Amino acid sequence: MTISGTGSKERRMRILVANEPRSYREAFARVIQTLRPHIETIAVDPDALDSEALRLRPDLVVCGRVTPTVETVARCWMEL
């Protein structure tokens, strides 16, 4: 999925995944990347979430102590 900005260039949708533990966020990012390769998915350390979100300007951030269910992600996505 591409997102039109104010300029003429389109960019890919970007998701940051900042769950704990690291293995969860990396697995979650791989699943999204496999199912939706057109979406840029980046796993980041939760301690670096603020700076990475400001730097990368994601369209969606998935974070929490437990990996969310698909329903939770979909609900959050729809709220955006």
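The structure we're discussing is the one just above.
Residues numbered from 1 in each chain as written. Predicted model: local features only at pLDDT ≥ 70, side-chain atom pairs only at ≥ 80, totals over all residues. Heavy atoms only, no water.

Can you tell me about the sheet that holds strand β5 (residues 60–64), naming the residues and giving the values?
Spatial strand order, β4-β3-β5: three strands in an open sheet with parallel pairing. Lying at the two open borders of the sheet, with one neighbouring strand each, are β4 (40–43) and β5. Neighbour-to-neighbour, the strand axes of this sheet turn through a mean angle of 15 degrees, independent of strand direction. In this structure, strand β3 (residues 14–19) lies alongside β5, joined through five bridges in parallel fashion. Bridge assignment links Ile 15 to a residue of β5, and that residue is Leu 60. Of the strands in this sheet, β3, β4 and β5 touch helix α1 (residues 22–35), which is tilted by about 175 degrees from β4. On top of the sheet, helix α2 (residues 49–56) reaches β3, β4 and β5; it is set at about 175 degrees to β3, its chief contact. (Pairing = 2+ DSSP bridges. Helix = DSSP H or I, 4+ residues; strand = E, 2+ residues; numbered from the N terminus. Axes fitted to C-alpha atoms, helices over the stretch in contact; angles between N-to-C directions. Contact = heavy atoms within 4.5 Å.)

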